[in-house]
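Observations on the three-dimensional arrangement
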Amino acid sequence: KRLYSLKVAPKVAASAKVERVKLSPEAQDLEITKLPNGLVIASLENFSPASRIGVFIKAGSRYETTSNLGTAHLLRLASNLTTKGASSFKITRGIEAVGGSLSVYSTREKMTYSVECLRDYVDTVMEYLLNVTTAPEFRPWEVTDLQPQLKVDKAIAFQNPQVGVLENLHAAAYKNALSNPLYCPDYKIGKITSEQLHHFVQNNFTSARMALVGIGVKHSDLKQVAEQFLNIRSGAGSSGAKAIYRGGEIREQNADSLVHAAIVAEGAAVGSAEANAFSVLQHVLGAGPLIKRGSNVTSKLSQGIAKATTQPFDASAFNVNYSDSGLFGVYTISQAPNAAEVIKAALNQIKAVAQGTITDADVTKAKNQLKATYLMSVETAEGLLNEIGSESLVSGTHTSPSDVAQKIDSVATIDVVNAAKKFVSGKKSMAASGDLGNTPFLDEL
Amino acid sequence: SGGGRLLESIRKWYYNAAGFNKLGLMRDDVLYEDDDVKEALKRLPEPLYNERIFRMKRALDLSLKHQILPKEQWVKYEEDKRYLEPYLKEVVRERLEREAWNKK
């Protein structure tokens, strides 16, 4: 009799899980925390060799009053002035020495101070960034020396006629807040004082209105930094006035042979239900050439206008969203003699959409274009930082790209048609520049 | 430094012996204007700068007439304010910082 062992020899588990050698730690998800004082911290540790940190502050030109117009512009230029912790010279040289860069970017609603550098030097540049955002001194002589820079900055920007038209458009469309110009008005150049800058910073650079975002940094580091240093000014600061849309027109007659015109009506605010519908409508109509130096044949606006004139032109749908309002319309560039035909043809295209003549295929095409544009914009570290920061500032949350894509997909054709109807029935605003002899007034459209 | 009261009285004696207080000038008015002082003067707030110019004008006028102020109007040692000192200190600090960086 054979005696079998009661216990069967344990089978060696075939292929024990081979420890995979991890070449790089897996990228983590975005972490977002909101501190009790209102500061929002968001970080994405993607283990990239270069890190980017940005401080986003609700302090754009909309928070100026008529007595201190242009302060935001000067503040934008004043990012390298002496702070309590470092002199202007030290900031410049210090950041250069580690190969980083500090840049300021501001819109009507927010200011963004961002630094980028190699991972190892994050502490150094972080110190400078915090100094610049929380403890600037605005020494009177430094501020005075900076004022001519306003002129240079403005001259460079206004080389592009679009900047002028958009400034005028906002001034015409709104009664306050959003009507403030992004660039310092001429009469204010040389007159903005150090006290006004201090005042602006005290009122607007408060913890509740800031977001600290980092890409390529650990969340715990950011949190520690924020708790220690960004805690000095708490409170909500002075709240801006609600932007009131009024609808008007501003025409700037000059010698330009090309007429730049923008006609808009009130659109959707950021995060509202209609915001996505307006974006899709923008892409249905045509939002800029998809092939560089191409003729933008597929845009509805281009097709419609091409029937009206043979002269060169350019038209695209214009859509901006602010936190409590938005603008939607068309921006056309045409030769001075046939500006009227171009503008009227463009507006007729939107009317056609409002009457429901678009197909589902058009809408799907537009949705794909919109999704592609969005996803491509967050591919770069800069675009991603901007996107995370803007959203953290407005709502304290983060929507992942796939969620955004889903939301875009959920826009129905009827939403797009309704958005077009809102434009057609809304009170219009217009801004035009160039030789305006043949450009219609708002009441002629 | 040791012997505080003695040092103070020597200082006071020297201040009066130097004589610019008899023309109504303060010590910072008579500083030699090298580059640092010039830069610090650019940073003086306007009221202080105007007072300085007034005192210098008055002193030039007196010197033209070979006169000095009556004794009650001489600047007293205790009242002499080193108004330029904070700005000058800052200018020098910045210059040293720049030089230290450039040496690296």
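Note that the coordinates shown come from a computational prediction; the quantities given were computed from them, not determined experimentally.

This part covers the domain arrangement of chain A. All names here are of chain A. Along its sequence, chain A is organised into domain 1 (31-229) and domain 2 (247-434). Between domain 1 and domain 2, the buried area comes to about 2800 Å², and carbon and sulfur atoms account for 71% of it. The tally of links between domain 1 and domain 2 comes to two salt bridges. Salt-bridge contacts for E382 lead to R52; the nearest nitrogen and oxygen are separated by 3.9 Å. Run the count over domain 1 and domain 2 and you get eleven residue pairs in polar contact (both at pLDDT 80 or more). Broken down by secondary-structure element, the contributors of at least two residues to the side of domain 1 that touches domain 2 are β2 (40-44), β3 (50-57), α5 (161-173) and β6 (210-215). Of the residues forming the side of domain 1 that touches domain 2, the biggest block, ten residues, is contributed by α5. Per-class residue counts for the side of domain 1 that touches domain 2 are 21 nonpolar, six polar and seven charged.

In many reports, interface size means the accessible area that the parts give up when they come together. Tallying the contact residues gives nine residues for chain B and eight residues for chain A. Area buried by chain B at its contact with chain A is led by R43, E97 and W101 of chain B, which between them contribute 60% of it. Here chain B is connected to chain A by two salt bridges. Residue R139 of chain A is joined to E94 of chain B by a salt bridge in which the shortest nitrogen-to-oxygen separation is 3.3 Å. Taken together, the residues that form the side of chain B that touches chain A break down as two nonpolar, one polar and six charged.

On to unusual backbone geometry. Of note, the phi angle at F138 of chain A is positive, near 50°, even though the residue is not glycine. Residue H66 of chain B is not a glycine yet carries a positive backbone phi of 55°. Note that H66 of chain B resides in the loop between α3 (46-64) and α4 (85-103).

This part takes up the packing of aromatic side chains. Residues and elements named next belong to chain A. According to the stated counting rule, one finds eight aromatic pairs over all chains in the structure shown. Between Y113 and F205, the aromatic rings sit 6.2 Å apart at their centres with planes inclined by 70°, giving edge-to-face as the arrangement. Here the residue Y113 occupies a position in strand β5 (residues 111-118), and F205 occupies one in the loop between α6 (194-204) and β6, the gap between them amounting to 92 residues. Note on Y113: relative accessible area 2%, which makes it buried.

Definitions and limits used
Numbering of residues starts from 1 in each chain and follows the order in which that chain's sequence is written. Working convention: letters from A go to chains and numbers from 1 go to ligands, in the order in which they are written. This being a predicted model, a pLDDT of at least 70 is required before a residue's local features are given, and a value of 80 or more before pairs of side-chain atoms are given or counted; all residues contribute to the totals for chains, interfaces and linings. The basis for every side-chain value is the complete set of heavy atoms in the structure, and neither hydrogens nor water enter the calculation. The source of the domain bounds is an automatic or database domain assignment. Accessible area that two parts lose when put together, evaluated with a 1.4 Å probe and summed over both, is termed the buried area. Just to be clear on terms, a salt bridge is a Lys or Arg side-chain nitrogen sitting within 4 Å of an Asp or Glu carboxyl oxygen. Definition of a polar contact: a pair of N or O atoms within 3.5 Å, with one able to donate and the other able to accept a hydrogen when the atoms are protein atoms, and with sequence-neighbouring residues admitted only if both atoms are side-chain atoms. In this text, helices come from DSSP runs of H or I with a minimum length of four residues, and strands from runs of E with a minimum of two, each type numbered from the N-terminal end. Three classes are used: nonpolar for Ala, Val, Leu, Ile, Met, Phe, Trp, Tyr, Cys and Pro, charged for Asp, Glu, Lys and Arg, and polar for all others, with Gly counted as polar. We call two residues in contact when some of their heavy atoms are within 4.5 Å. Planes of paired rings set the category: under 30 degrees apart is stacked, over 60 is edge-to-face and the rest tilted, where pairs are Phe, Tyr or Trp rings (Trp by its six-membered ring) whose centres lie within 6.5 Å. Burial here depends on accessible area, computed with a 1.4 Å probe over protein chains only, as a share of the maximum for the residue type. Under 20% is buried, over 50% is exposed, and the range in between is partly exposed.

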